[in-house]
Amino acid sequence: MGSKMPLAEMSDLFKQLSDQSRLAVLHALWDKPRYVNQICEKTGLSQPNVSHHLSQLKSMGLVLAKKDGQKVLYSIADSHVFSILNECKEHVQQGVRLD
């Protein structure tokens, strides 16, 4: 007997990923961990905006925050995040539509 599908949690995850700015923040963290100011530079988003999105992403377990003196270094939480984003990217690039 399989385990019950955690639909509510999955829905919450997709809600977080449905925001283009949050995807931009994740993309900025793709190749290496970064500080908020570096994410701002890479995305063009304001510091308050980036901080808000990082808080949301952290609450969903998509990013990690590591204190480094007075700064915080953010990184993608684990390989699952890369997998989710890669699958989504491939799906979009294949032009699959359900029209």
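Structure's up top.
What counts, and at which threshold
- Residues numbered from 1 in each chain as written.
- Predicted model: local features only at pLDDT ≥ 70, side-chain atom pairs only at ≥ 80, totals over all residues.
- Heavy atoms only, no water.
- Helix = DSSP H or I, 4+ residues; strand = E, 2+ residues; numbered from the N terminus.
- Contact = heavy atoms within 4.5 Å.
- Phe/Tyr/Trp six-rings, centres within 6.5 Å; stacked < 30°, edge-to-face > 60°.
- Buried < 20%, exposed > 50% of the residue type's maximum accessible area, 1.4 Å probe, protein only.
- Core = buried A, V, L, I, M, F, W, Y, C linked by side-chain atoms within 4.5 Å.
- Axes fitted to C-alpha atoms, helices over the stretch in contact; angles between N-to-C directions.
- Parallel < 35°, antiparallel > 145°, perpendicular 65-115°, else oblique.
- Nonpolar A, V, L, I, M, F, W, Y, C, P; charged D, E, K, R; others polar.

Comments concerning the environment of valine 36
Turning to step 1, where the next piece is worked out: Note that valine 36 resides in helix 3 (residues 36-43).
Turning to step 2, where the next piece is worked out: Taking the C-alpha atoms as reference points, valine 36 and isoleucine 76, separated by 40 residues in sequence, lie 13 Å from one another.
Turning to step 3, where the next piece is worked out: Every residue in contact with valine 36, bar those within four places of it in the chain, is listed here: Gln47, Val50, Ser51, Leu54, Val72 and Tyr74.

Some words on the packing of aromatic side chains
Turning to step 1, where the next piece is worked out: Under the counting rule described, the total for this entry stands at 1 aromatic pair.
Turning to step 2, where the next piece is worked out: Pairing tryptophan 30 with phenylalanine 82 gives two aromatic rings, centres 4.7 Å apart and planes at 80°, and the pair type is edge-to-face. Placement of tryptophan 30 in the loop between helix 2 (20-28) and strand 1 (34-35) and of phenylalanine 82 in helix 5 (residues 79-93) is noted, with a sequence separation of 52 residues between them.
Turning to step 3, where the next piece is worked out: Tryptophan 30 sits in the partly exposed class, given a relative accessible area of 32%.
Turning to step 4, where the next piece is worked out: Overall, phenylalanine 82 belongs to the partly exposed group, its relative accessible area being 26%.

With respect to the nonpolar core
Turning to step 1, where the next piece is worked out: One finds Leu26, Leu29, Ile39 and Leu54 to be the most contacted residues of the largest nonpolar core, which totals 19 residues.
Turning to step 2, where the next piece is worked out: Those elements that provide at least two residues to this core are helix 1 (7-17), helix 2, helix 3, helix 4 (47-59), strand 3 (71-76) and helix 5.
Turning to step 3, where the next piece is worked out: In this structure leucine 26 touches Leu17, Leu57, Leu62, Val63, Ile76, Val81 and Leu85, once residues within four positions along its chain are discounted.

So, the packing of helix 2 against helix 4
Turning to step 1, where the next piece is worked out: Direction vectors running N to C along helix 2 and helix 4 enclose 80°, while the axes themselves pass 10 Å from each other. Taken together, the axis directions place helix 2 and helix 4 in an arrangement best described as roughly perpendicular. Together, Ser21, Arg22, Val25 and Leu26 of helix 2 and His52, His53, Leu54, Gln56 and Leu57 of helix 4 make up the contact between the two elements.
Turning to step 2, where the next piece is worked out: When grouped by side-chain class, the residues that make up the contact of helix 2 with helix 4 number 4 nonpolar, 4 polar and 1 charged.

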